[in-house]
Amino acid sequence: RMGGSPRRPSGRQPGSGSHADAEPTTADGRTERREKRQAALAYNTNGLGHLKSGQYAKAAELFTQALALHPDNARYFFSRANCYRNLADNSRCVFDYSMAIRLDGDVAVYYANRGTIYRKLGRLDEAQSDLNKAVSLDPQNPTFCFNRALVRADMGKVRAAADDFTAAISLSTDGQHTGQTTKAHFHRGVLQHQLGLFEEAAADQRVVLRADRNNAPSLNALGMALAALGESSEALALFDQAMRLDLRTPAYPANRANAFRALARFTEALSDLAQAISLSPSDAGLRAQLGETKLDCGQFDAAAAYEHAVRLDDSNPTFRLAYGRSLYLLGDLANARAQVEAAISVDPLFAKAHYQLGLVAYQGGRYADALVSLERAAALDPSSDAPLIATAAVLLDTAKAADALARLDRAVTLEQSSVRSRLLRGRALLTLGQAEAALDDLELAIAIEADEAATRKARSQHAEQAALLAQGTAGTSADEKRRRGVQADAESAAKDTAAKSDREEAGGRRARADPDPLRAECYGQRALVLHALGENARALADLDYALDVSPDDARWLEARALCHARQANLKSAETDLDSAIACAAAAPSGATARAVAARGHANIGATIASSDASHLLAPSAAFGAHLIARLRHQRAAVRFSRESYKTSAAELVELLLAHNLPHLECTRRPAAYFLLGLCHARQGRHLAAVECLNEAVAARPDVTVYRHERAKALQLAHEHAAAVHDFSEVLRSQPGNARARFRRGFAHKALGHFNQAADDFEGAKLLAPRAPELVLSYARIHAIDTIELCAPGDEPDTPPLIF
């Protein structure tokens with residue numbers, strides 16, 4: 001109740017408080033007081049007439065005269081305060097309401113009206129206190145609940161404000177507050193949207209529009225609710241209506257731009273944003289939205305838009321973070337780090353900024369810094385699985401698979417339907433040798449992604465149908481509308497069937513759904529597990545799909561090459577490795593590679609998100625120079641297996657040069673030296689083979705076959721004493737190795753140690769009595785230097801050369 005006559009509890013009279021004049025003791029005194037009050041009442045009555053007619057200044061003068069005659073009358077202060085309120089003289093208004101409350105503190109409207117003025121002055125705590133008092137004195141007054149809801153909304157108390165608007169609506173059953181009830185529905189709808197209750201928000205705005213179909217703010221709010229529900233086409237029509245009604249509010253074209261963006265109609269989105277910015281050029285939020293949209297449609301000047309937003313509002317940590325993320329996506333890690341750190345300096349508890357800082361550090365190879373930032377993000381936002389997933393990725397890259405698995409178990413607990421956490425947990429389990437469990441996680445990830453893809457597809461088709469229907473509704477006959485309804489039902493059934501088919505095929509066959517980068521990631525990761533389980537045929541089918549979507553992804557070309565190699569299809573393996581090396585060498589490094597790969601995709605935002613997942617799901621060696629070095633090692637192994645020893649050796653020599661060696665994973669370096677030694681040995685260059693095998697043995701003395709091959713090379717190079725030493729070391733770790741003992745016999749023979757030689761030859765026959773190649777004719781042995789038994793690299797315990 002903003003004005004009018006105040007209501008008070010029965011039995012109280014105005015001015016009956018402590019400030020009332022003392023009762024006159026003489027008849028003349030009582031007569032004089034009565035005359036003053038009658039005169040004051042006349043001024044008051046005259047003032048109320050002027051107040052009602054809108055002559056607020058004149059009314060205030062009359063109430064002042066009334067107060068001069070009757071200064072303890074709370075109603076006169078209240079009436080003059082109402083005049084000052086209409087004159088926007090808020091300081092005098094507050095004073096008069098306060099005087100009315102001092103004189104009569106049990107009248108709800110006094111508190112309510114002062115509370116509304118406090119709200120105008122930004123004194124929200126005092127406003128809420130006054131309106132709490134008003135509601136306690138008159139709990140059935142819908143206006144008091146409504147005004148308190150406005151204050152609480154201003155204070156950010158969204159749930160409490162929504163409850164107050166609900167109370168205002170439920171109390172307005174007498175038909176006297178229709179306009180206020182409509183406003184309550186509007187405001188409650190806005191709050192419901194903030195709470196994520198989009199269906200309820202839409203319902204409230206529909207109530208408003210039934211009362212006023214041309215309410216532009218409500219049309220806009222309903223459009224926002226529908227857009228949040230994925231009904232972007234319907235939202236577009238509402239934003240169109242709002243813009244036709246009001247061409248000067250920048251929020252309407254900005255919101256329509258978001259709807260266009262959701263429909264991948266980026267040209268229209270950029271046009272609307274240009275219009276919004278022209279209406280409000282200093283709005284930093286619009287500049288940030290422009291950056292998001294430009295990033296979505298592959299315009300890499302998006303960072304400039306974010307930079308403009310930061311210049312307009314350099315104290316906003318959200319804009320700083322968005323600017324930093326755009327720089328990160330473009331590969332500018334140094335400036336990205338500076339912007340994200342600036343965001344954290346403004347808000348040290350900004351969990352998303354700590355998360356982004358962790359990603360920047362991870363991209364830059366600063367794993368310790370990445371872990372610190374990501375752990376901080378996880379502590380600040382324990383309900384988010386993203387920091388846990390990224391932390392697990394860093395731990396996997398630092399050979400801490402068990403710690404990574406613990407983080408991923410927590411992430412899966414937080415979000416059971418997360419594709420990323422299950423994909424990465426599959427990698428962790430595979431690293432720990434739990435391939436079957438890894439396959440279970442990846443199968444589930446594929447099923448979840450298939451369901452999500454079906455939902456996206458259904459929404460997209462629904463949006464397209466709604467747009468067509470909106471264009472063709474005018475003049476459509478009833479029969480045509482019925483025909484369209486039947487057609488829509490048929491299309492809905494077809495979509496259900498397609499979704500079911502997608503889920504069925506997710507179980508192991510190649511999906512027929514539209515290509516999607518995250519789905520390709522799912523299939524590629526599953527192929528790695530299948531390869532580890534020896535199911536190379538299934539792995540190849542998955543890799544074919546992954547490469548259909550991302551034909552330039554060197555990871556999947558590499559994996560397919562390994563599958564081909566396992567199936568002895570070495571020519572195809574070499575072809576895939578050639579392609580993988582070319583793709584890896586041509587791709588930009590870091591995040592830029594992902595952004596460029598996403599250019600031209602219908603929804604680049606989703607693509608970048610999924611490619612972020614790709615970076616987290618793959619080890620750091622899956623990108624850049626590390627990847628190229630590994631691919632070259634594998635190609636050299638394939639060429640060796642194809643008996644192209646010269647080209648294999650040339651590849652390995654270059655790979656092992658000082659400036660290239662750091663790019664080759666430490667675990668691969670001994671294997672590369674071993675392979676190069678085998679290439680030399682196969683070409684009869686035994687001393688060169690020994691030099692390479694020396695490096696392999698020094699790095700991995702526990703791999704017996706490295707020493708065994710070196711012993712063979714030394715023997716063929718006539719270094720028999722060294723050969724005897726190596727053969728003896730082999731037999732110390734493998735006492736039953738008949739071939740090593742047989743060969744040592746020839747080394748002893750060459751050194752003139754005939755008794756030891758005879759012991760070795762006889763011992764070899766005892767160890768392998770069914771091996772005819774170990775049976776010698778002692779009559780002819782003097783003419784034999786050695787018997788090779790098998791070519792270099794063909795020992796039974798030789799590890800896979802292609803891995």
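Owing to the predicted nature of the structure, the values given are computational and were not obtained by experimental measurement.

A word on helix H35 (residues 686-699)
Look at H35: 20 Å from first C-alpha to last across 14 residues, which is about the 20 Å you get at 1.5 Å a residue. Buried residues of H35: His-686, Ala-689, Val-690, Cys-692, Leu-693, Ala-696 and Val-697, and no others.

A word on the environment of Phe-742
As for its placement among the helices and strands, Phe-742 is situated in helix H38 (residues 738-750). Distance from Phe-742 to Ala-758, taken between C-alpha atoms, is 9.6 Å for residues 16 residues apart in sequence. Beyond its immediate sequence surroundings of up to four residues, Phe-742 is in contact with Phe-761, Ala-764, Glu-773, Leu-774, Leu-776, Ile-787 and Leu-789.

Thoughts on the confidence of the model for the protein
Looking at the protein, the pLDDT average stands at 87 and 85% of residues meet or exceed 70. Ignoring residues within four places in sequence, the model shows residues 497-513, a span with pLDDT below 50, making 35 contacts including any to other chains.

Details of the side chain of Arg-668
With respect to the element layout, Arg-668 can be found in the loop between helix H33 (645-655) and helix H34 (669-682). Taking relative accessible area as the criterion, Arg-668 reaches 6% and is therefore assigned buried.

Considering the state of the cysteines
Considering all chains together, one arrives at zero disulfides under this definition. We note that Cys-83 lacks a disulfide partner, and the nearest cysteine sulfur, in Cys-93, lies 9.6 Å from it.

Some remarks on unusual backbone geometry
For Ala-399, which is not glycine, the phi dihedral falls at a positive 60°. In this structure, Ala-399 sits in the loop between helix H21 (386-397) and helix H22 (401-414). Its relative accessible area of 71% is what places Ala-399 among the exposed residues.

Quick word on the side chain of Asp-204
Inspection of the secondary structure puts Asp-204 in helix H10 (residues 198-211). A polar atom in the side chain of Asp-204 sits 2.8 Å from the side chain of Arg-188. When sequence neighbours within four positions are dropped, the list of residues in contact with Asp-204 reads His-185, Arg-188, Gly-189 and Gln-192.

What counts and how
Residues numbered from 1 in each chain as written. Predicted model: local features only at pLDDT ≥ 70, side-chain atom pairs only at ≥ 80, totals over all residues. Heavy atoms only, no water. Helix = DSSP H or I, 4+ residues; strand = E, 2+ residues; numbered from the N terminus. Expected span 1.5 Å × (residues − 1). Buried < 20%, exposed > 50% of the residue type's maximum accessible area, 1.4 Å probe, protein only. Contact = heavy atoms within 4.5 Å. pLDDT = per-residue confidence, 0-100. Disulfide = S-S within 2.5 Å. Polar contact = N/O pair within 3.5 Å; in protein donor to acceptor, adjacent residues only side chain to side chain.

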